[in-house]
Each structure stands twice: as structure tokens, then as C-alpha cells.
Amino acid sequence: MYLSEMLSIGAALCIATSGMLAGELIGRIDALTLTRLQTVAVTIATAIAATAVGGWAGLAPWQAGYLAASGVFGIFIASSAYISSIFALGPRLALLVFSLTSPFALVMGYFFLGETVGPVKLAGVALVISGIVLAILFGRAARVQPEGIFPTPPIQAPVLPPRQMTLPVGLALGLVAALGQAAGALVARPVMASGVNPFTAMAIRTGVSGALFLLLLVVPLPAVAKRPRPSARTIGIGICGALIGTGMGMSLIMAALAGGKVGIVSTLSSLSPVLVLPMVWLRTGHRPPGPAWAGAVLAFAGTSLIALG
């Protein structure tokens, strides 16, 4: 009876878990390498799934072109900025800033698709922004400590030289990630409405982005060349995070949309900023402060109004 709702919450849990796994890799791998590995891994997984279900049949050139453009915005740009924002802000605040995707998509839909924006949706935008501002101003970041309530052994000693990103830089990266994700969804919307298989769509989007990431390998970047090779365990954790967040999470959302209403699925799948808070608490042993919880709840409420309004 509530299968679609359970699948949507499961998707939010996958996204939150993926963010926590990315946060564990701070100082052990650079954001560009991690994003490249994750994109290639998801491309292989979704391409196999699309082939297994016959999703490539009937794909039109215009659909592939739109999906490729969507991948540039939503994967190549957004994923790179998203991982960088996690490294700068931590998973809790990065996921919260990433919830601006819904307001950005609302504004883009209004200007480019002529979609209506009523007072309920505007109230949702105000709640999302209020929640983020509240968490930034009064919700201090939790510190990762192995002796937390749910301790985990260290992956390895950090191998990258420490680089301190200021809060404005981290927030700017989060804004770029949300903008890129919203733009990618906007470009892909007419293609998905035409009935393209979701595995095929993801394979094209991540495939184009993966090719761009691989092309960057031939660009002589001195800072990248001096970075040590990450360990196999670090690479494995990064790939698992991508398969859980993008692979499993997106699959659960698609399965939920098969039998559930779009507004409800979109709302429940945006629970990630709330679900990540107990994860941070268990991992670090530090309970996130009240404003962090209040900000996450406000952002979720705002997203709900946007989706259901």
C-alpha cells in the first residue's frame, strides 16, 4: 500500500549514505579523481542495466543530444561541485545547500518552460532559503572523531596536503552543484516525458560526463600530477558511494514513480538533509545543534511545498 513512499524514503537514505561516504574520504582523494571514478562506475552499471532491459531500442538522436547536454550540466559540472562542497562543508551542510535544487528548478521552469509559480511554491522557496541560512549562521559543523557513538576504523592516514576552503567557497560550490543539477533536470525533462528508459538516460548522461572527465587526464595540470595515487580501499569506498547514491538511489526513485505520485515521491526523496543528521551524530559522537535540525526540517518543508504546491 505504501510501497512507493517506502521506495522514496529509501532513495533519500541512499543519497544521505553516499554523502557520508564521500565525507569519509576528505584528505584521502581529490574531488576531481573521486568524481571521475564514480562517474565511470555508474556509467558501466547503468549501461549494463539498460542493455539487459532493452532500453537502447528506439532512442532518437534528439533524445540522445538532450541527455548528453543534461549530463554536462547535471553530472560533469554538478557532481564535481557537489563532491567539492562536501569536502569543504561536510556532508550535513553540503546536502542542505544542495536542497536549493528545487527552488532553482522552479525558477528555471518559470523562465524557460512558462510554468506557473503560485504562492504556495514561493512559500516553499522561502522556507528552503530560511532553513539553509539558519543552519549556516547557527549550526556549527560537526567534527569527525573515530571515538564516536558508532566508531569506524580509519581508512588510512590522509595522503593529500591539507587545503582549507573558506565557508564562502564551499557555499559557492554548493550553489553551483544545485544550479547544475536543476539545469540538467530541466534539459532532460522533455526526453524523460517521451518515455526513454531511465537506465538508458543515466548511461548517456554519465557516459558523456565520464568521457569529459577522462579527457581531463591528458590536460597537464601540475597540481593533479603531484597528487599521490589513492589506495584501493579509498577507491572502493568512493565507487560504493556512487553506486549507492546515484545507482541505487536513482533506481529507487524511478521504481517509486512507477506507482506513486510525482509530488509525493519528490518530497520524500528530498529527506536526505534530515536523514544525514543522525548519521553524523552516530559517526562523530557529536549531536548536531538545534539550528541544524531546524534548518534541515525547514528545507524539507519548503521542498515539500514546491513539489506538492
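Residues numbered from 1 in each chain as written. Predicted model: local features only at pLDDT ≥ 70, side-chain atom pairs only at ≥ 80, totals over all residues. Heavy atoms only, no water.

## Focus: the overall build of the protein chain
Then, number 1: When helices and strands are tallied, the protein chain shows 13 helices and zero strands.
Then, number 2: Considering the protein chain as a whole, with its 309 residues, one finds that 45% of them fall into the buried category.
Then, number 3: In the protein chain, the proportion of contacts linking residues at least 24 apart, taken out of those at least 6 apart, comes to 91%. (Helix = DSSP H or I, 4+ residues; strand = E, 2+ residues; numbered from the N terminus. Buried < 20%, exposed > 50% of the residue type's maximum accessible area, 1.4 Å probe, protein only. Contact = heavy atoms within 4.5 Å.)

## A short note on the nonpolar core
Then, number 1: Ranked by size, the top nonpolar core spans 19 residues in total, and within it Leu34, Tyr82, Ile83, Ile86, Phe87 and Val276 carry the most contacts.
Then, number 2: Elements represented by at least two residues in this core include exactly helix H1 (3–24), helix H2 (31–52), helix H3 (61–89), helix H4 (91–98) and helix H12 (272–284).
Then, number 3: Tallying contributions element by element places H3 first for this core, with five residues.
Then, number 4: Those residues within four positions of Val276 in sequence are excluded, and the remaining contacts are Ala16, Met20, Pro91, Arg92 and Leu95. (Core = buried A, V, L, I, M, F, W, Y, C linked by side-chain atoms within 4.5 Å.)

## What to know about H3
Then, number 1: The terminal C-alpha atoms of H3 lie 40 Å apart, and with 29 residues this matches the ideal 42 Å at 1.5 Å per residue to within 8%.
Then, number 2: At Ala78, H3 shows its maximal kink, close to 35°.
Then, number 3: Of the residues trailing H3, Gly90 is marked for its positive phi of about 90°. (Expected span 1.5 Å × (residues − 1). Bend = angle between axes of the 7 residues up to and from the residue.)

## Remarks on the environment of Ala57
Then, number 1: Of note, Ala57 is situated in the loop between H2 and H3.
Then, number 2: For the pair Ala57 and Asn197, spaced 140 residues apart in sequence, the C-alpha separation works out to 9.4 Å.

## Structural notes on the pattern of salt bridges
Then, number 1: Evaluation of the coordinates by the stated rule reveals one salt bridge.
Then, number 2: Residues Arg283 and Glu24 are paired through a salt bridge, measuring 2.6 Å at the closest nitrogen-oxygen approach. With Arg283 in helix H12 and Glu24 in helix H1, the pair connects residues that are 259 residues apart, well separated along the chain.
Then, number 3: Overall, Arg283 belongs to the buried group, its relative accessible area being 8%. (Salt bridge = Lys/Arg side-chain N within 4 Å of Asp/Glu carboxyl O.)

## So, the environment of Gly90
Then, number 1: Turning to its location among the elements, Gly90 is positioned in the loop between H3 and H4.
Then, number 2: A residue is classified by how much of its surface remains accessible, and Gly90, at 16% relative accessible area, is buried.
Then, number 3: Separated by 67 residues in sequence, Gly90 and Gly23 place their C-alpha atoms 6.0 Å apart.

## Re the side chain of Gln63
Then, number 1: Of note, Gln63 is situated in helix H3.
Then, number 2: A distance of 2.9 Å separates the side chain of Gln63 from the backbone nitrogen of Ala60, its partner in a polar contact.
Then, number 3: Beyond its immediate chain neighbours, meaning those up to four positions away, Gln63 contacts Gly58, Val191, Ser194 and Val196. (Polar contact = N/O pair within 3.5 Å; in protein donor to acceptor, adjacent residues only side chain to side chain.)

## As for the packing of aromatic side chains
Then, number 1: Under the counting rule described, the total for this entry stands at five aromatic pairs.
Then, number 2: Where Tyr82 meets Phe98, the ring centres are 4.9 Å apart and the plane angle is 40°; that geometry is what we call tilted. In this pair, Tyr82 sits in helix H3 while Phe98 sits in helix H4, placing the two residues 16 residues apart along the sequence.
Then, number 3: Ring centres of Trp281 and Trp293 lie 6.4 Å apart, and the angle between their planes is 80°; this geometry places the pair in the edge-to-face category. Here Trp281, found in helix H12, pairs with Trp293, found in helix H13 (residues 290–308); they are twelve residues apart in sequence, far enough to count as distant. (Phe/Tyr/Trp six-rings, centres within 6.5 Å; stacked < 30°, edge-to-face > 60°.)

## Overview of the confidence of the model for the protein chain
Then, number 1: Chain-level pLDDT for the protein chain is 83 on average; 86% of the residues reach the 70-or-more range.
Then, number 2: The least confident element of the protein chain is helix H9 (residues 222–225), whose mean pLDDT is 54; the most confident is H3, at 92.
Then, number 3: A low-confidence stretch, residues 141–154 (pLDDT under 50), is modelled with 26 contacts involving residues beyond four sequence positions or located in other chains. (pLDDT = per-residue confidence, 0-100.)

## A look at the packing of H3 against helix H7 (residues 167–193)
Then, number 1: At a minimum axis separation of 7 Å, H3 and H7 run at an interaxial angle of 160°. Taken as axis vectors, H3 and H7 run roughly antiparallel relative to one another. Both H3 and H7 take part in a crossing whose hand is left-handed.
Then, number 2: Of the residues in the contact of H3 with H7, the class split is 22 nonpolar, ten polar and no charged. (Axes fitted to C-alpha atoms, helices over the stretch in contact; angles between N-to-C directions. Parallel < 35°, antiparallel > 145°, perpendicular 65-115°, else oblique. Left-handed = near helix turned anticlockwise from the far one by under 90°. Nonpolar A, V, L, I, M, F, W, Y, C, P; charged D, E, K, R; others polar.)

## Observations regarding helix H6 (residues 119–138)
Then, number 1: Over its 20 residues, H6 runs 28 Å from end to end, which matches the ideal 28 Å to within 8%, given 1.5 Å per residue.
Then, number 2: Turning to H6, its buried residues number three or more, namely Gly124, Val125, Val128, Gly131, Ile132 and Ala135. For H6, the arc enclosing every buried residue in end-on projection is 125°, short of the 170-degree limit, so these residues lie on one face. Turned more than 90 degrees away from the buried face of H6 sit Pro119, Leu137 and Phe138, all of them exposed. (Arc of directions from axis to C-beta.)

## A few points about the environment of Ala45
Then, number 1: Tracing the backbone shows Ala45 in helix H2.
Then, number 2: By relative accessible area, Ala45 is classed as partly exposed at 35%.
Then, number 3: For the pair Ala45 and Gly247, spaced 202 residues apart in the sequence, the C-alpha separation amounts to 7.6 Å.

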